[in-house]
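Structural description and commentary
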Amino acid sequence: EPEVTQTPSHQVTQMGQEVILRCVPISNHLYFYWYRQILGQKVEFLVSFYNNEISEKSEIFDDQFSVERPDGSNFTLKIRSTKLEDSAMYFCASSVGGAHTEAFFGQGTRLTVV
Amino acid sequence: KQEVTQIPAALSVPEGENLVLNCSFTDSAIYNLQWFRQDPGKGLTSLLLIQSSQREQTSGRLNASLDKSSGRSTLYIAASQPGDSATYLCVPQGGNTPLVFGKGTRLSVIA
(Lines give C-alpha, C1' and ligand atoms only; values in the text may rest on other atoms or scores of the structure.)
Protein backbone atom coordinates (compact mmCIF):
# COMPACT_ATOMS: atom_id res chain seq x y z
CA GLU A 1 0.00 0.00 0.00
CA PRO A 2 1.39 3.46 -0.88
CA GLU A 3 2.66 5.45 2.05
CA VAL A 4 4.26 8.75 2.94
CA THR A 5 7.91 8.27 3.86
CA GLN A 6 9.90 10.61 6.08
CA THR A 7 13.61 10.73 6.78
CA PRO A 8 15.36 10.80 9.13
CA SER A 9 13.20 9.28 11.85
CA HIS A 10 15.16 11.17 14.49
CA GLN A 11 17.49 14.14 14.20
CA VAL A 12 19.47 15.84 16.92
CA THR A 13 20.90 19.25 16.13
CA GLN A 14 22.56 22.10 17.94
CA MET A 15 20.73 25.36 18.44
CA GLY A 16 21.36 27.73 15.55
CA GLN A 17 22.05 24.98 13.04
CA GLU A 18 20.06 24.45 9.85
CA VAL A 19 18.08 21.24 9.42
CA ILE A 20 16.28 19.76 6.45
CA LEU A 21 13.52 17.27 7.00
CA ARG A 22 12.66 15.11 4.05
CA CYS A 23 9.44 13.56 2.86
CA VAL A 24 8.38 11.45 -0.08
CA PRO A 25 4.62 11.88 -0.53
CA ILE A 26 2.40 9.31 -2.18
CA SER A 27 3.19 9.44 -5.88
CA ASN A 28 -0.14 10.56 -7.36
CA HIS A 29 -0.88 13.09 -4.63
CA LEU A 30 -0.86 16.78 -5.46
CA TYR A 31 -1.21 18.47 -2.07
CA PHE A 32 1.51 18.36 0.54
CA TYR A 33 1.57 19.47 4.15
CA TRP A 34 3.79 19.81 7.14
CA TYR A 35 2.45 19.57 10.68
CA ARG A 36 4.25 19.43 13.97
CA GLN A 37 3.52 18.09 17.42
CA ILE A 38 5.38 19.34 20.46
CA LEU A 39 5.61 16.61 23.08
CA GLY A 40 2.32 16.27 24.94
CA GLN A 41 0.51 18.81 22.79
CA LYS A 42 -1.86 18.82 19.83
CA VAL A 43 -0.81 18.37 16.24
CA GLU A 44 -0.45 21.83 14.67
CA PHE A 45 -0.56 22.90 11.03
CA LEU A 46 2.54 24.52 9.57
CA VAL A 47 2.15 24.81 5.82
CA SER A 48 0.38 23.47 2.77
CA PHE A 49 1.89 23.28 -0.70
CA TYR A 50 0.27 22.86 -4.08
CA ASN A 51 1.38 23.46 -7.64
CA ASN A 52 4.90 24.33 -6.52
CA GLU A 53 3.91 27.06 -4.16
CA ILE A 54 2.72 27.59 -0.62
CA SER A 55 -1.06 27.70 -0.52
CA GLU A 56 -1.42 28.40 3.18
CA LYS A 57 0.79 28.78 6.22
CA SER A 58 0.25 29.22 9.92
CA GLU A 59 1.73 31.86 12.19
CA ILE A 60 4.23 29.25 13.36
CA PHE A 61 5.69 29.11 9.85
CA ASP A 62 7.84 32.23 10.07
CA ASP A 63 10.89 33.30 8.07
CA GLN A 64 12.98 30.57 9.67
CA PHE A 65 10.97 27.94 7.82
CA SER A 66 10.87 27.13 4.14
CA VAL A 67 9.55 24.30 2.01
CA GLU A 68 10.64 23.00 -1.32
CA ARG A 69 9.79 20.32 -3.83
CA PRO A 70 13.22 19.94 -5.39
CA ASP A 71 12.20 17.16 -7.76
CA GLY A 72 9.18 15.09 -8.68
CA SER A 73 9.19 13.00 -5.56
CA ASN A 74 10.66 14.83 -2.56
CA PHE A 75 9.14 17.49 -0.34
CA THR A 76 11.38 19.15 2.22
CA LEU A 77 11.03 21.38 5.26
CA LYS A 78 14.03 23.52 6.14
CA ILE A 79 14.54 25.28 9.43
CA ARG A 80 17.28 27.84 8.96
CA SER A 81 18.43 28.49 12.49
CA THR A 82 16.94 26.05 14.95
CA LYS A 83 15.75 27.10 18.39
CA LEU A 84 15.15 24.94 21.42
CA GLU A 85 11.40 25.41 20.98
CA ASP A 86 11.57 23.86 17.51
CA SER A 87 12.01 20.48 19.20
CA ALA A 88 8.98 18.48 18.14
CA MET A 89 7.75 15.65 15.97
CA TYR A 90 7.32 16.90 12.41
CA PHE A 91 4.79 15.15 10.21
CA CYS A 92 4.53 15.30 6.47
CA ALA A 93 1.18 14.55 4.86
CA SER A 94 -0.21 14.36 1.36
CA SER A 95 -3.58 14.12 -0.31
CA VAL A 96 -4.89 13.65 -3.82
CA GLY A 97 -7.12 16.71 -3.69
CA GLY A 98 -7.22 19.53 -1.19
CA ALA A 99 -8.35 19.47 2.41
CA HIS A 100 -11.60 17.73 1.45
CA THR A 101 -9.83 14.50 0.52
CA GLU A 102 -8.24 11.91 2.75
CA ALA A 103 -4.88 12.93 4.14
CA PHE A 104 -2.12 10.38 4.67
CA PHE A 105 0.61 11.04 7.18
CA GLY A 106 4.16 9.85 7.43
CA GLN A 107 5.65 8.36 10.57
CA GLY A 108 7.28 11.64 11.49
CA THR A 109 10.74 13.00 12.19
CA ARG A 110 11.54 13.64 15.82
CA LEU A 111 13.68 16.78 15.93
CA THR A 112 15.62 17.46 19.10
CA VAL A 113 17.40 20.79 19.38
CA VAL A 114 20.07 20.91 22.08
CA LYS B 1 -12.24 29.02 13.95
CA GLN B 2 -12.72 25.29 14.17
CA GLU B 3 -12.25 23.72 17.59
CA VAL B 4 -12.38 20.02 18.35
CA THR B 5 -13.23 18.45 21.69
CA GLN B 6 -12.94 14.75 22.39
CA ILE B 7 -14.48 13.03 25.35
CA PRO B 8 -13.27 11.22 27.33
CA ALA B 9 -9.68 12.44 27.36
CA ALA B 10 -8.56 9.01 28.54
CA LEU B 11 -10.25 5.64 28.79
CA SER B 12 -9.14 2.32 30.21
CA VAL B 13 -11.20 -0.79 29.47
CA PRO B 14 -10.76 -4.56 29.79
CA GLU B 15 -10.19 -6.52 26.64
CA GLY B 16 -13.36 -7.51 24.78
CA GLU B 17 -15.44 -4.48 25.69
CA ASN B 18 -17.27 -2.42 23.12
CA LEU B 19 -16.59 1.26 23.47
CA VAL B 20 -17.53 4.66 22.09
CA LEU B 21 -15.31 7.67 21.63
CA ASN B 22 -17.00 11.03 21.26
CA CYS B 23 -16.00 14.05 19.24
CA SER B 24 -17.58 17.47 18.88
CA PHE B 25 -16.56 20.33 16.63
CA THR B 26 -17.65 23.93 16.52
CA ASP B 27 -17.84 24.65 12.78
CA SER B 28 -20.27 22.32 11.04
CA ALA B 29 -19.35 23.57 7.56
CA ILE B 30 -17.15 20.59 6.81
CA TYR B 31 -16.55 18.42 3.77
CA ASN B 32 -15.66 15.32 5.71
CA LEU B 33 -14.27 14.03 8.97
CA GLN B 34 -11.30 11.75 9.41
CA TRP B 35 -10.45 9.54 12.38
CA PHE B 36 -6.79 8.84 13.05
CA ARG B 37 -4.93 6.63 15.43
CA GLN B 38 -1.60 7.65 16.95
CA ASP B 39 0.64 5.25 18.83
CA PRO B 40 3.00 6.82 21.40
CA GLY B 41 5.85 8.64 19.67
CA LYS B 42 4.62 7.50 16.28
CA GLY B 43 2.84 8.85 13.24
CA LEU B 44 -0.83 9.23 12.42
CA THR B 45 -2.65 6.34 10.84
CA SER B 46 -5.87 7.12 9.00
CA LEU B 47 -8.68 4.85 10.19
CA LEU B 48 -11.82 6.14 8.53
CA LEU B 49 -12.98 9.03 6.39
CA ILE B 50 -16.64 10.01 6.46
CA GLN B 51 -17.89 12.33 3.77
CA SER B 52 -20.28 15.05 4.90
CA SER B 53 -23.07 13.41 2.92
CA GLN B 54 -22.60 10.13 4.78
CA ARG B 55 -23.98 9.22 8.18
CA GLU B 56 -21.52 6.47 8.98
CA GLN B 57 -18.54 4.48 7.76
CA THR B 58 -17.32 1.05 8.79
CA SER B 59 -13.93 -0.63 8.67
CA GLY B 60 -13.59 -3.98 10.40
CA ARG B 61 -14.35 -3.54 14.11
CA LEU B 62 -14.56 0.22 13.73
CA ASN B 63 -17.69 2.20 12.97
CA ALA B 64 -17.74 5.98 12.77
CA SER B 65 -20.85 8.11 12.62
CA LEU B 66 -21.25 11.72 11.71
CA ASP B 67 -23.96 14.21 12.60
CA LYS B 68 -22.72 17.23 10.73
CA SER B 69 -25.53 19.58 11.69
CA SER B 70 -24.92 19.09 15.41
CA GLY B 71 -21.14 18.99 15.05
CA ARG B 72 -20.68 15.50 16.43
CA SER B 73 -18.99 12.27 15.50
CA THR B 74 -18.54 9.03 17.35
CA LEU B 75 -16.11 6.17 16.87
CA TYR B 76 -17.36 2.80 17.96
CA ILE B 77 -14.81 0.05 18.58
CA ALA B 78 -16.21 -3.45 18.90
CA ALA B 79 -14.58 -6.23 20.91
CA SER B 80 -11.58 -4.14 21.92
CA GLN B 81 -8.10 -5.68 21.94
CA PRO B 82 -4.84 -4.63 23.62
CA GLY B 83 -3.53 -3.70 20.17
CA ASP B 84 -6.21 -1.01 20.00
CA SER B 85 -4.39 0.93 22.72
CA ALA B 86 -3.48 4.30 21.23
CA THR B 87 -4.65 7.89 21.03
CA TYR B 88 -7.61 8.42 18.71
CA LEU B 89 -7.98 11.73 16.94
CA CYS B 90 -11.06 13.14 15.28
CA VAL B 91 -10.26 15.63 12.52
CA PRO B 92 -12.98 17.56 10.69
CA GLN B 93 -12.01 18.94 7.30
CA GLY B 94 -13.60 22.10 5.93
CA GLY B 95 -13.01 23.66 2.55
CA ASN B 96 -9.38 24.39 1.93
CA THR B 97 -8.57 25.02 5.56
CA PRO B 98 -5.88 22.94 7.24
CA LEU B 99 -6.73 19.98 9.39
CA VAL B 100 -7.57 20.95 12.96
CA PHE B 101 -6.67 18.48 15.66
CA GLY B 102 -7.97 18.16 19.17
CA LYS B 103 -6.15 16.47 22.03
CA GLY B 104 -7.68 13.10 21.26
CA THR B 105 -8.80 10.24 23.46
CA ARG B 106 -6.08 8.08 24.95
CA LEU B 107 -7.33 4.49 25.02
CA SER B 108 -5.83 1.66 27.04
CA VAL B 109 -7.19 -1.84 26.56
CA ILE B 110 -6.13 -4.14 29.37
CA ALA B 111 -5.57 -7.82 28.67
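This section reports on the structure supplied with the text. Values in this document were obtained by computation on a predicted structure and should not be read as measured data.

The next thing to look at is the interface of chain A and chain B. In this assembly, 18 residues from chain A lie in contact with 21 residues from chain B. Summing both partners gives a buried area of about 1,700 Å² for chain A against chain B, and 55% of it is carried by carbon and sulfur. At the junction of chain A with chain B, the criterion picks out zero salt bridges. Linking chain A with chain B are five residue pairs in polar contact (both at pLDDT 80 or more), by the criterion used here. Of all the secondary-structure elements, those providing two or more residues to the side of chain A that touches chain B are β4 (31-37), β5 (43-50) and β9 (88-95) of chain A.

With that out of the way, let us pick up the sheet that holds strand β1 (residues 5-7) of chain A. Residue and element names in this part refer to chain A. Pairing in this open sheet of four strands is antiparallel, and the strands run β1-β3-β8-β7 from one edge to the other. In this open sheet, the two edge strands, each paired with only one partner strand, are β1 and β7 (65-68). The mean inter-strand angle of the sheet, taken between neighbouring strand axes irrespective of direction, is 20°. Bridge count between strand β3 (residues 19-24) and strand β8 (residues 75-79): five bridges; the pairing is antiparallel. In the sheet register, Ile20 faces β8, and the bridge partner there is Lys78.

Now for the state of the cysteines. For the structure shown, the criterion picks out two disulfides over all chains. With its sulfur 1.9 Å from that of its partner, Cys23 of chain A forms a disulfide with Cys92 of chain A. Taking the torsion about the sulfur-sulfur bond, which here is approximately -65°, the covalent link between Cys23 of chain A and Cys92 of chain A counts as left-handed. Taken together, the residues Cys23 of chain A in strand β3 and Cys92 of chain A in strand β9 connect sequence positions 69 residues apart. For the pair Cys23 of chain A and Cys92 of chain A, a shared accessibility class is recorded, and that class is buried. The disulfide partner of Cys23 of chain B is Cys90 of chain B, and the gap between their sulfur atoms is 1.9 Å. Residues Cys23 of chain B and Cys90 of chain B are joined by a disulfide whose S-S torsion is about -50°; by sign, that bridge is left-handed. Highlighted residues: Cys23 of chain B in strand β3 (residues 19-25) and Cys90 of chain B in strand β9 (residues 86-93), separated in sequence by 67 residues. By relative accessible area, which is 3% here, Cys23 of chain B ends up buried.

Let us now look at the pattern of salt bridges. All names here are of chain B. Within the structure shown, the criterion is met by three salt bridges over all chains. Arg37 is the partner of Asp39 in a salt bridge, and the nearest nitrogen-oxygen pair spans 2.9 Å. Exposure remark for Asp39: the relative accessible area of 24% places this residue in the partly exposed category. What makes Arg37 buried here is its relative accessible area of 16%. With a shortest N-O distance of 2.8 Å, Asp84 and Arg61 are connected by a salt bridge. Placement of the pair is Asp84 in the loop between β8 (72-77) and β9 and Arg61 in the loop between β6 (56-59) and β7 (62-67), with a sequence separation of 23 residues. With relative accessibility at 7%, the residue Asp84 sits in the buried group.

What counts, and at which threshold
- Residues numbered from 1 in each chain as written.
- Chains lettered and ligands numbered in written order.
- Predicted model: local features only at pLDDT ≥ 70, side-chain atom pairs only at ≥ 80, totals over all residues.
- Heavy atoms only, no water.
- Contact = heavy atoms within 4.5 Å.
- Buried area = accessible area lost by both parts, 1.4 Å probe.
- Salt bridge = Lys/Arg side-chain N within 4 Å of Asp/Glu carboxyl O.
- Polar contact = N/O pair within 3.5 Å; in protein donor to acceptor, adjacent residues only side chain to side chain.
- Helix = DSSP H or I, 4+ residues; strand = E, 2+ residues; numbered from the N terminus.
- Pairing = 2+ DSSP bridges.
- Axes fitted to C-alpha atoms, helices over the stretch in contact; angles between N-to-C directions.
- Disulfide = S-S within 2.5 Å.
- Buried < 20%, exposed > 50% of the residue type's maximum accessible area, 1.4 Å probe, protein only.

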